[in-house]
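So the chains spell out like this:
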Amino acid sequence: PARESRVEGAAQGPAGASWARGFSGLRRDGDSRRVFVIDRPLLDADGRIVGVVGVSEDVTEQRMLERRAEDLADRLALALDAGGLGTWRWDISANTLDWDDNLNRLFGLSRGRSVPTLSEFLSPVHHDARPGADAACQRSIQDGPATVQ
């Protein structure tokens, strides 16, 4: 009877429906773990639950890494905000740029609007400085990262 109640308790939602959920628990040694579980009830011909097939995965390390990545992203955002800085990525093969909101604000662009190409990026650069900035970008294609001041 105790086993039956555990099996029926596992089948939440429509009879026979699979479910997935994360759980926290303690191991025998006292170590806290996070486990992701997917279960599917096994039904007999009358639709009664006669068993459960399930898969469990320890996702403790994955969750810890996700929290660490979120923390680092928050710290980076704070540092960029405090310094009045922004970031961007240049997909060289597609010649497209992806700017963060801080950089858009610094360039007077609306939130979520990115400068789509390198030539559009270079257009607001002072005409005397533009050749040097363009040359640094071209060098970075050949030699790796370059600094433009």
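Residues numbered from 1 in each chain as written. Predicted model: local features only at pLDDT ≥ 70, side-chain atom pairs only at ≥ 80, totals over all residues. Heavy atoms only, no water.

Our focus in this paragraph is the overall build of the protein chain. The secondary structure content of the protein chain amounts to 5 helices and 5 strands. Along the protein chain, helices (α) and strands (β) appear in the sequence α-β-β-β-α-β-β-α-α-α when read from the amino end. Looking at the protein chain residue by residue over its 149 residues, the buried ones come to 18%. (Helix = DSSP H or I, 4+ residues; strand = E, 2+ residues; numbered from the N terminus. Buried < 20%, exposed > 50% of the residue type's maximum accessible area, 1.4 Å probe, protein only.)

Looking now at the environment of D98. Relative to the elements of secondary structure, D98 occurs in strand β5 (residues 96–99). Considered as a pair, D98 and R113 are 15 residues apart in the sequence and their alpha carbons are 9.0 Å apart.

Evaluated as defined, the whole model comprises 5 aromatic pairs. Here the aromatic rings of W19 and F23 are separated by 6.2 Å at their centres, their planes lie at 80°, and the arrangement is edge-to-face. Relative accessible area serves as the criterion here: at 12%, W19 is assigned to the buried category. Ring centres of F107 and F121 lie 6.3 Å apart, and the angle between their planes is 45°; this geometry places the pair in the tilted category. Taken as a pair, F107 in the loop between α3 (101–106) and α4 (118–122) and F121 in helix α4 lie far apart in primary sequence, 14 residues in all. Members of the aromatic cluster, connected to one another through ring pairs, are W88, W99, F107 and F121. (Phe/Tyr/Trp six-rings, centres within 6.5 Å; stacked < 30°, edge-to-face > 60°.)

So, about the environment of E57. Structurally, E57 is set in strand β3 (residues 49–58). Judged by its relative accessible area of 46%, E57 falls in the partly exposed class. Considered as a pair, E57 and V35 are 22 residues apart in the sequence and their alpha carbons are 5.5 Å apart. Beyond its immediate stretch of four places on either side in the chain, E57 contacts R34, V35 and F36. (Contact = heavy atoms within 4.5 Å.)

Moving on, we come to the side chain of T60. For T60, the location among the structural elements is in helix α2 (residues 60–83). A distance of 2.6 Å separates a polar atom in the side chain of T60 from a polar atom in the side chain of D58. The contacts of T60, once residues within four sequence positions are left out, are S32, R33 and R34. (Polar contact = N/O pair within 3.5 Å; in protein donor to acceptor, adjacent residues only side chain to side chain.)

Another point: helix α5 (residues 130–143). Here α5 is 14 residues long and its end C-alpha atoms lie 20 Å apart, about the 20 Å a rise of 1.5 Å per residue gives. For α5, the complete set of buried residues consists of A133, A136, C137 and S140. In an axial view of α5, the angular spread of the buried residues amounts to 100°, which keeps them on one side of the axis. Turned more than 90 degrees off the buried face of α5, the exposed positions are P131, Q142 and D143. Buried positions along α5 lie against β4 (88–91) and α4. Within two residues after α5, G144 carries a phi angle of roughly 105°, on the positive side. (Expected span 1.5 Å × (residues − 1). Arc of directions from axis to C-beta.)

The pairing of β4 with β5 spans 4 bridges and is classified as antiparallel. Pairing of R89 across the sheet is with D98, part of β5. Between β4 and β5, which pair antiparallel and follow one another directly, the connecting turn spans 4 residues, one of which, N95, has a positive phi of 50°. (Pairing = 2+ DSSP bridges.)

Spatially, the 3 strands line up as an open sheet ordered β1-β2-β3, and their pairing is antiparallel. Every other strand in the sheet has two partners, leaving β1 (19–26) and β3 as the edge strands with one partner each. Each strand axis lies, on average, 35° off the axis of its neighbour in the sheet, ignoring direction. Of the strand pairs in this sheet, β1 and strand β2 (residues 32–43) are connected by 8 bridges, and their pairing is antiparallel. For F23, the partnering residue across the bridge sits in β2 and is V35. (Axes fitted to C-alpha atoms, helices over the stretch in contact; angles between N-to-C directions.)

Function-wise, these values are silent; they only describe arrangement.
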